[in-house]
Amino acid sequence: MTSWVPPTAATATPPPTPTPPPQATPPPHHVQPQTQLKVNVPKTTNNSATNTNEQQYNVKTGSESGVPNGKGTGPPVDATPAATAKPACANPNQEATVTNPMSPDYPDSARDLGLGPVIVLVEVTIGPSGALVDAKVSQSSSNMAIDQAALRAARQSQYSPKLINCAPTTGSYIFKADFDPN
């Protein structure tokens, strides 16, 4: 006969280990829902007396920076447009011009050829000081002596510089040399 023997610690089987509960995922960071702004676009009407590009806005209170009732800390804004500054000179933008033109001398060698009246155009470059920088024949007379006399007259003439916003700058001018044998 066998008798029943209570289990001992050495012969007893340990109780099953409970499985840990599944770990819950951490809750998401608190995200505030984005608020959507409602924008009321003013309706405009097209009257023949108003400009179609202009819009009228009804502003009741507050300021552009969100200060209630327009009580900001900055300086007051002048509602009148700024006056356009007057230029520092009478003609702020003008091309270079001749102020004291010299008349060319008709060369004797050309006069003996009987060429008659002749026109030579000389392109001159004038620096910001009004001084001549360069001169070259732009429209020739086909006579070297007349062309040289035209260049001489252009070089002896006085000029005013080109102006851009009242500031003198380098510019060019067409000097017209009229030759008349009479």
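Everything quoted here is computed from the prediction, not taken from an experiment.

Undergrad: Tell me about the state of the cysteines, and please be specific about residues and values.
TA: In a disulfide, the sulfur atoms of two cysteines are held together by a covalent bond. If you walk through the whole model with that rule in mind, you get one disulfide. Between the sulfur of Cys89 and that of Cys166 lies a disulfide, 2.2 Å long from S to S. Note on the Cys89 and Cys166 pair: the S-S dihedral is about -95 degrees, so by sign convention the disulfide is left-handed. Of this pair, Cys89 sits in the segment before strand E1 (97-100) while Cys166 sits in the loop between strand E5 (162-164) and strand E6 (167-169); the two residues are 77 residues apart in sequence, bridging distant segments of the chain.

Undergrad: Explain the environment of Asn143 to me, and be specific about the residues and the numbers.
TA: Its location among the elements puts Asn143 in the loop between strand E3 (132-139) and helix H2 (144-156). Given a relative accessible area of 12%, Asn143 falls into the buried group. On a C-alpha basis, the gap between Asn143 and Leu115 in space is 9.4 Å, while along the polypeptide they are 28 residues apart. In this structure Asn143 touches Ala110, Leu113 and Leu115, once residues within four positions along its chain are discounted.

How each quantity is defined
- Residues numbered from 1 in each chain as written.
- Predicted model: local features only at pLDDT ≥ 70, side-chain atom pairs only at ≥ 80, totals over all residues.
- Heavy atoms only, no water.
- Disulfide = S-S within 2.5 Å.
- Helix = DSSP H or I, 4+ residues; strand = E, 2+ residues; numbered from the N terminus.
- Buried < 20%, exposed > 50% of the residue type's maximum accessible area, 1.4 Å probe, protein only.
- Contact = heavy atoms within 4.5 Å.

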